[in-house]
Amino acid sequence: MKHLPLKSQYYQSIQKKYALYLERVGYNQNTCKMLPSMTREFFYYLEQRSVKDLKAITPKEITAYYGYIKTRPRYRGPGTLSESMQHMHLWALRVLFSFLLAEGGIDADPMSILNFPKPQKKESRVLSRSEIHKLYNACESYKDRALLGLFYGCGLRKSEVEALNVKDISFRGKLVYIRSGKGKRRRVVPMPERVTEDLKEYYYQERVHVLHKQKTTAGEAQQAFLLNKNGSRMMGQSLWRRLRCLVLKAEIRDPERITLHSLRHSIATHLLDGGVSIEQVRDFLGHTLLESTQGYTRVGRKHFNKGL
């Protein structure tokens, strides 16, 4: 996201406190970067309109900002922000004003009486086994195969793959340790033989080469399992872009509906279709409620009934 300079020391101070608050209460690394960048844009917007104090913000100003967010161009690529990104900007403000109210920085929360339309949630596109096979055939490296192995073979969430460290993978035990999944829950995920071999090849060949090329010998890069070409931890956008390339190369239909979560959804559907009990799939995915896993069942059956 574009970096917008703030002139006001007041807004700069709140920006720093907000970022520290997000880290302190335990939001994931990606959220701790994204939400402050979104509130920075809000503060910049206020500065351009000579609004100097957040205590002066009313629901009217928030509604006007929402109108701005809906029409402002993307910083990268054509068009305007997606509905989901608009929603994220509003969520960043809800968290901000809730924090300020609790800290005594404002007297009333201007977001509390406002309701905005929620983005229409697109149903995850479940891939067939033959389509998964096509994705593997499209791979150009062991990192590509490792990516598919973690999201499909192990059914991990995006945030779990982002946070995955070298110490979290046991090649000998063929296990992946999720130290802090959704809701801070821990679990151990078994790795199929083929996934274990792919991750091992990536770790001992390609990952070592990246570290050597970038002369990275310590710190975050040494801990992170999946690295980008610069030797840094791979995050959501990089992971999604790589999957997008594989999907396009494999010429799979409806590419715009295939996400990282589609791979997790697909393995759940394939396991259930193969006769694995719903309780076992629930534990594999790290769901707390059986209803969450049942939701995967309904969607998966609908896709397969369409002849996937």
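Please read all numbers here as calculations on a predicted model, not as lab measurements.

Visitor: Please explain unusual backbone geometry as it appears in this structure.
Guide: Leave glycine aside and you will find that most residues have negative phi; peptide bonds, for their part, are mostly trans. In this model, E251 sits at a positive phi of 55°, which is unusual for a non-glycine residue. By the secondary structure assignment, E251 is in the loop between helix 10 (236-250) and helix 11 (260-273). Positive phi, close to 50°, is recorded for D254, a residue that is not glycine. For D254, the position within the fold is in the loop between helix 10 and helix 11.

Visitor: What is the right way to look at helix 11 in this model?
Guide: Three or four residues apart is the spacing at which side chains of an α-helix point the same way, because the helix has 3.6 residues per turn. Here helix 11 contains 14 residues, and its C-alpha end-to-end distance of 20 Å stays within 8% of the 20 Å for a straight helix at 1.5 Å per residue. Counting buried residues in helix 11 gives eleven out of 14 residues, a clear majority hidden from the surface. Within helix 11 the residues assigned to the buried category are L260, S262, L263, R264, H265, S266, I267, A268, T269, H270 and L272. Two residues or fewer after helix 11 comes G275, characterised by a positive phi angle close to 100°.

Visitor: I'm lost on the packing of helix 5 (residues 129-138) against helix 6 (residues 142-153) in this one. Help?
Guide: It is the contact of helix 5 with helix 6, at a shortest axis distance of 9 Å, that shows an interaxial angle of 150°. Of the possible angle classes, the one that applies to helix 5 and helix 6 is roughly antiparallel. Taken as a pair, helix 5 and helix 6 cross one another with a handedness that is right-handed. Packed against helix 5, whose contacting residues are I132, L135 and Y136, the element helix 6 presents R145, L148, G149 and Y152 at the interface. Grouping the amino acids of the contact of helix 5 with helix 6 by side-chain chemistry returns five nonpolar, one polar and one charged.

Visitor: For this particular structure, what's the right way to read the packing of helix 5 against helix 11?
Guide: When two helices pack together, their arrangement is given by the angle between the helix axes and the distance between those axes. Closest axis-to-axis distance for the helix 5/helix 11 pair is 11 Å, and the angle between their directions is 135°. Judged by the inter-axis angle, helix 5 sits oblique to helix 11. Between helix 5 and helix 11 lies a crossing of left-handed hand. Of helix 11, the residues touching helix 5 (which contributes R129, I132 and L135) are L263, H270 and D273. Residue classes in the contact of helix 5 with helix 11 are distributed as three nonpolar, one polar and two charged.

Visitor: Can you walk me through the packing of aromatic side chains in this structure?
Guide: Aromatic rings in a pair are described by how distant their centres are and how their planes are angled relative to each other. What the rule picks out here adds up to 16 aromatic pairs. Centroid distance Y203 to F225: 6.2 Å. Interplanar angle 5°. Geometry classified as stacked. In this pair, Y203 is assigned in helix 8 (residues 193-213) and F225 in the loop between helix 9 (220-223) and helix 10, connecting sequence segments 22 residues apart. Classification of F225 by relative accessible area gives buried; the value is 1%. Here the aromatic residues Y10, Y11, F42, F43, Y45, Y65, Y68 and F97 are joined through ring pairs into a cluster of three or more.

Visitor: Quick question: what am I supposed to make of the sheet that holds strand 1 (residues 169-170) here?
Guide: Adjacent strands of a sheet form backbone hydrogen bonds with each other and so pair up, either parallel or antiparallel. Strand order across the open sheet formed by three strands is 1-2-3, with antiparallel pairing between neighbours. Each of the sheet's edge strands pairs with one partner strand only, and the pair in question is strand 1 and strand 3 (187-190). Direction of pairing for strand 2 (residues 175-178) relative to strand 3: antiparallel, over a ladder of four bridges. Looking at the pairing, V176 lines up with V189 of strand 3.

Visitor: So what exactly am I meant to see when it comes to the side chain of R157 here?
Guide: Tracing the backbone through its elements, the reader meets R157 in the loop between helix 6 and helix 7 (158-162). In this structure the side chain of R157 is engaged in a polar contact, spanning 2.7 Å, whose partner is the side chain of E160. Contacts of R157, omitting those with residues within four sequence positions, involve F151, K182, R185, R187, R264, L285, G286 and H287.

Visitor: Got a minute to help me understand the side chain of S262 in this structure?
Guide: Following the sequence through the fold, S262 ends up in helix 11. Not counting residues up to four positions away in its chain, the partners in contact with S262 are R125, L127 and R257.

Conventions and cut-offs
Residues numbered from 1 in each chain as written. Predicted model: local features only at pLDDT ≥ 70, side-chain atom pairs only at ≥ 80, totals over all residues. Heavy atoms only, no water. Helix = DSSP H or I, 4+ residues; strand = E, 2+ residues; numbered from the N terminus. Expected span 1.5 Å × (residues − 1). Buried < 20%, exposed > 50% of the residue type's maximum accessible area, 1.4 Å probe, protein only. Axes fitted to C-alpha atoms, helices over the stretch in contact; angles between N-to-C directions. Parallel < 35°, antiparallel > 145°, perpendicular 65-115°, else oblique. Left-handed = near helix turned anticlockwise from the far one by under 90°. Contact = heavy atoms within 4.5 Å. Nonpolar A, V, L, I, M, F, W, Y, C, P; charged D, E, K, R; others polar. Phe/Tyr/Trp six-rings, centres within 6.5 Å; stacked < 30°, edge-to-face > 60°. Pairing = 2+ DSSP bridges. Polar contact = N/O pair within 3.5 Å; in protein donor to acceptor, adjacent residues only side chain to side chain.

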